[in-house]
Amino acid sequence: MKIFPQENTYYRLRNGKPYLIGSKCRYCDYVAFPRKVVCPACVTKGSMEEVELSQRGKIDTFSVLHIGAPGFAVPYIVAYVVLPEGPRIFSMVSGCEPSEKSLEIGAEVELIVDKLRDDEQDNEVMGYKFRPVGAESG
Ligand SMILES: [Zn+2]
C-alpha cells in the first residue's frame, strides 16, 4: 500500500502537481521551509504566513549514497535544491541514473511525489523528491 505521510505538512497538490509549503515573513520577507511560526531571520513571532513555493529549483550540491538508511534502496541521490524564493531544500533526486555523472551543479529540477522507501509493514512511503526537468518518470 502507498502511504503519504508528508502531504499537507510539507507539500500539497494543485491540479495533480505537488508544491512545497513554505512560510514568508510579513516584516522582512524571509522565506522558510518547512513552515515556521517564528521568523528565523528577524525573530518576529507570528509574522510567518503560509506561501506556495516554486515547483522548480536548481541543484546546489548533491551526493550519491551507496549506504542508505533502513528501507531506502541504494544507490540514490540526495541533494540540496535552491528555490527561487530562497529556501535550500534537502531532498532525494530521482528520474536519472544514481551516478555522479547524471547531475550537475545548477541543473534545473522539478518537484515530484515519488516513493522514498519501504516501511516495516511493506508500505511504500511516498514523499517529495526532485527530478531533472524533462525526466519522464520519478
Ligand atoms: Zn522576518
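Procedures and definitions
- Residues numbered from 1 in each chain as written.
- Predicted model: local features only at pLDDT ≥ 70, side-chain atom pairs only at ≥ 80, totals over all residues.
- Heavy atoms only, no water.
- Helix = DSSP H or I, 4+ residues; strand = E, 2+ residues; numbered from the N terminus.
- Rg over C-alpha atoms; globule rule 2.2 N^0.38 Å.
- Buried < 20%, exposed > 50% of the residue type's maximum accessible area, 1.4 Å probe, protein only.
- Contact = heavy atoms within 4.5 Å.
- Areas by Shrake-Rupley, 256 points an atom, 1.4 Å probe, with all protein chains shown as cover.
- Lys, Arg positive; Asp, Glu negative; His and termini not counted.
- Charge placed at Lys NZ, Arg CZ, Asp CG, Glu CD.
- Pairing = 2+ DSSP bridges.
- Donors = N, O, S within 2.8 Å, 3.2 Å for Na, K, Ca; no water.
- Tetrahedral: all angles 85-135°; square planar, octahedral: opposite > 155°, others 65-115°.
- Core = buried A, V, L, I, M, F, W, Y, C linked by side-chain atoms within 4.5 Å.
- Phe/Tyr/Trp six-rings, centres within 6.5 Å; stacked < 30°, edge-to-face > 60°.
- Lys NZ or Arg CZ within 6 Å of the ring centre and 35° of its normal.
- Salt bridge = Lys/Arg side-chain N within 4 Å of Asp/Glu carboxyl O.

(A) Just the overall build of the chain, in detail. When you go through the chain residue by residue, the secondary structure sums to zero helices and 10 strands. Starting at the N terminus, the α and β elements of the chain follow one another as β-β-β-β-β-β-β-β-β-β. The C-alpha radius of gyration computed for the chain amounts to 16 Å, which stays within 12% of the reference 14 Å derived for 138 residues, consistent with globular compactness. Overall size of the chain, expressed as C-alpha extent along the three principal axes, is 45 × 35 × 30 Å. Burial statistics for the chain: of 138 residues in total, 36% are counted as buried. Look at the contacts in the chain between residues 6 or more apart in sequence, and 48% of them connect residues 24 or more apart. Surface exposure of the chain reaches about 8000 Å², of which carbon and sulfur atoms provide 49%. Separation of charge centres in the chain, based on 17 positive and 19 negative side chains, amounts to 6 Å.

(B) Spatial organisation of the pairing of strand E3 (residues 17-25). Here E3 lies mainly inside the structure; seven of its nine residues are buried. Across four bridges, strand E2 (residues 11-14) lies against E3 in antiparallel orientation. What sits directly across from arginine 12, in E3, is tyrosine 19. Remark: two residues form the turn of the hairpin made by E2 and E3, two consecutive strands paired antiparallel; asparagine 15 in that turn has positive phi of roughly 50°.

(C) Layout of the coordination of the zinc ion. Cys25 (SG), Cys28 (SG), Cys39 (SG) and Cys42 (SG) make up the full set of protein donors to the zinc ion, lying at 2.3 Å. The site at the zinc ion holds four donor atoms, and with the angles between them running 106 to 116°, its shape is tetrahedral. By relative accessible area, which is 35% here, cysteine 28 ends up partly exposed. Of the residues examined, cysteine 39 reaches a relative accessible area of 1% and is grouped as buried.

(D) Highlighting the nonpolar core. Leu20, Ile59, Val81, Leu83, Ile89, Tyr128 and Phe130 are the most contacted members of the largest nonpolar core, which totals 19 residues. Elements represented by at least two residues in this core include exactly strand E6 (56-65), strand E7 (76-82), strand E8 (88-93), strand E9 (108-118) and strand E10 (124-132). Contacts of isoleucine 89, omitting those with residues within four sequence positions, involve Leu20, Phe33, Ala79, Tyr80, Val81, Leu83, Tyr128 and Phe130.

(E) Highlighting the packing of aromatic side chains. In this structure the tally under the stated criterion is five aromatic pairs. With a centroid separation of 5.8 Å and 80° between ring planes, the pair formed by phenylalanine 33 and tyrosine 128 is classed as edge-to-face. Here tyrosine 128 lies in strand E10 and phenylalanine 33 lies in the loop between strand E4 (31-32) and strand E5 (48-52), a separation of 95 residues in the sequence. Looking at tyrosine 128, the relative accessible area reads 13%, which means it is buried. Connected via pairs of aromatic rings, a cluster forms that spans Tyr10, Phe33 and Tyr128. In this arrangement the basic side chain of arginine 88 is found over the ring face of tyrosine 80, its NZ or CZ atom lying 4.0 Å from the centre.

(F) A look at the pattern of salt bridges. What the rule picks out here adds up to 10 salt bridges. Here glutamate 50 and arginine 12 are joined by a salt bridge, their closest N and O atoms 2.5 Å apart. With glutamate 50 in strand E5 and arginine 12 in strand E2, this pair connects stretches of sequence that are 38 residues apart. Among the residues examined, arginine 12 registers a relative accessible area of 23% and is labelled partly exposed. Across the pair arginine 88 and aspartate 60 runs a salt bridge, and its minimum N-O distance is 2.5 Å. Separated by 28 residues along the polypeptide, arginine 88 in strand E8 and aspartate 60 in strand E6 bring together distant segments of the chain. With a relative accessible area of 30%, aspartate 60 lands in the partly exposed category.

Purely spatial values, then, with no claim about function.
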